[in-house]
Amino acid sequence: MTSHVRTPDGLLVPKGHGRTLRAAAQQVTFKVTGDMSRVSSSFEVVVPPGFDVGAHVHARSEELFYVLEGELDMLAFEPRVRTGDDWRHWESRSGRRSVHAGPGTVVVVPPGCPHAFANRTGEPARMFFQASPPPDHERYFEELIEILDAGGPPDHEAIAELRARYDIEQLTPLRHEA
């Protein structure tokens, strides 16, 4: 006798669908959450001009970034020295520097690897972002958008406390210069 195992259906999230969180400094649409996947959370992120997430590192999370539209400066390496407050001048032991990434660029960041992105152009950029394991980044984005939506310059103390709770060691400051 053959036993049949029922498998779950796949997930299809159409363009324009998903829960969207907005603040002047960032827009994040949740495409796949921890309720939908055991492996990762996935987001569509609009990065406005003047936004710099700041260099940071995760002890446990792995991330993937895919630039869909626009241009971003991106970094994903351990620098010779973690100095100053501007990661754009960092250099790896092998001579790597940050890159100017356009559509189609993919960046994979393993746990423990410093990384950053910034939009230094005058136009918004859009990227697909995946974080594993779920759902920490979902909760982080919810709380971050709340802080960024408060108006005025970012509350760096509140962001530092938030990041410490979600496996984010901040190396250079988050900035948003609209």
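Residues numbered from 1 in each chain as written. Predicted model: local features only at pLDDT ≥ 70, side-chain atom pairs only at ≥ 80, totals over all residues. Heavy atoms only, no water.

### Details of helix α2 (residues 156-165)
Inclusion rule: Here's how the labels work: a residue is buried when its accessible area is under 20% of the maximum for its type, exposed when over 50%, partly exposed in between, all with a 1.4 Å probe on protein chains only. We count a stretch as a helix when DSSP gives it H or I for four or more residues in a row; a strand needs E for two or more, and each element gets its number in order from the N terminus. The directions considered for the arc are those from the helix axis to the C-beta atoms. Polar contact is the term for a pair of N or O atoms within 3.5 Å; when the atoms are in protein, one must be able to donate a hydrogen and the other to accept it, and sequence-neighboring residues count only if both atoms are side-chain atoms.
Looking only at α2, the buried set comprises Ile159, Leu162 and Arg163. All buried residues of α2 project into a common sector of 95° when viewed along the axis, lining one side. Along α2, the residues that are exposed and aim more than 90 degrees away from the buried face are Glu157 and Ala164. In this structure Asp155 caps α2, since a side-chain oxygen of it lies 3.2 Å from the backbone nitrogen of Glu157. A positive phi of about 60° marks Asp167, the residue just after α2.

### A short note on the sheet that holds strand β9 (residues 106-109)
The line we're drawing: In this description, strands pair whenever DSSP reports at least two bridges between them. Between the N-to-C directions of two axes lies an angle of 0 to 180 degrees, each axis being a line fitted to C-alpha atoms and, for a helix, fitted only over the stretch in contact. Here, two residues are considered to be in contact whenever any of their heavy atoms come within 4.5 Å of each other.
Taken together, the 6 strands give an open sheet; going across it, the order is β1-β2-β3-β11-β6-β9, and neighbouring strands pair in antiparallel fashion. Where the open sheet ends on each side, the last strands, each with one partner, are β1 (19-23) and β9. Here the strands of the sheet are splayed against their neighbours by 20° on average, with no regard to which way each runs. As defined by bridge partners, strand β6 (residues 62-69) adjoins β9 across 4 bridges and the pair is classed as antiparallel. Across the sheet, residue Leu64 finds its bridge partner in β9, namely Val108. The strands touched by helix α1 (residues 136-148) are β1, β2 (26-32), β3 (41-47), β6 and β11 (125-132); relative to β2, the strand with the most contacts, the crossing angle is about 160°.

### Quick notes on the side chain of Thr172
As for its position among the elements, Thr172 is in the loop between β12 (169-170) and β13 (175-176). Of the residues examined, Thr172 reaches a relative accessible area of 2% and is grouped as buried. For Thr172, the contacting residues outside a window of four places in its chain are Gly54, Ala55, Gly84, Asp85, Asp86, Trp87 and Trp90.

### Details of unusual backbone geometry
Along the chain, Ser132 connects to Pro133 via a cis peptide bond; the corresponding omega equals 0°. Its place among the elements puts Pro133 in the loop between β11 and α1. Here Pro134 and Pro135 are connected by a cis peptide whose omega angle stands at 0°. Here Pro135 is to be found in the loop between β11 and α1. A positive phi angle, near 60°, is found at Asp167, a position not held by glycine. Summarising the element assignment, Asp167 is placed in the loop between α2 and β12.

### Description of α1
Just so we agree on the cut-off: How far a helix is expected to stretch is found by multiplying one less than its residue total by 1.5 Å.
Here α1 is 13 residues long and its end C-alpha atoms lie 18 Å apart, about the 18 Å a rise of 1.5 Å per residue gives. If you check which residues of α1 are buried, you get His137, Glu138, Tyr140, Phe141, Leu144, Ile145, Ile147 and Leu148. Turning to α1, the residues buried within the fold contact β1, β2, β3, β6, β11 and α2.

### Some remarks on the pattern of salt bridges
For the record, the criterion: By definition here, a salt bridge exists when the distance from a side-chain nitrogen of Lys or Arg to a carboxyl oxygen of Asp or Glu is within 4 Å.
For the structure shown, the criterion picks out 14 salt bridges. One salt bridge connects Arg126 with Glu69, and the closest N-O pair in it is separated by 3.0 Å. Here Glu69 lies in strand β6 and Arg126 lies in strand β11, a separation of 57 residues in the sequence. Its relative accessible area of 22% is what places Arg126 among the partly exposed residues. For Glu69, a relative accessible area of 42% corresponds to the partly exposed category. The partner of Arg175 in a salt bridge is Asp85, with the nearest N and O atoms 2.7 Å apart. A residue pair is termed long-range when its members are at least 10 positions apart, and Arg175 in strand β13 and Asp85 in the loop between β7 (72-76) and β8 (99-101) qualify at 90 residues. Taking the relative accessible area as the measure of exposure, Arg175 reaches 23% and is therefore partly exposed. Among the charged side chains, a salt-bridge network with shared partners connects Glu44, Glu69 and Arg126.

These values are about where atoms sit, not about what they do.
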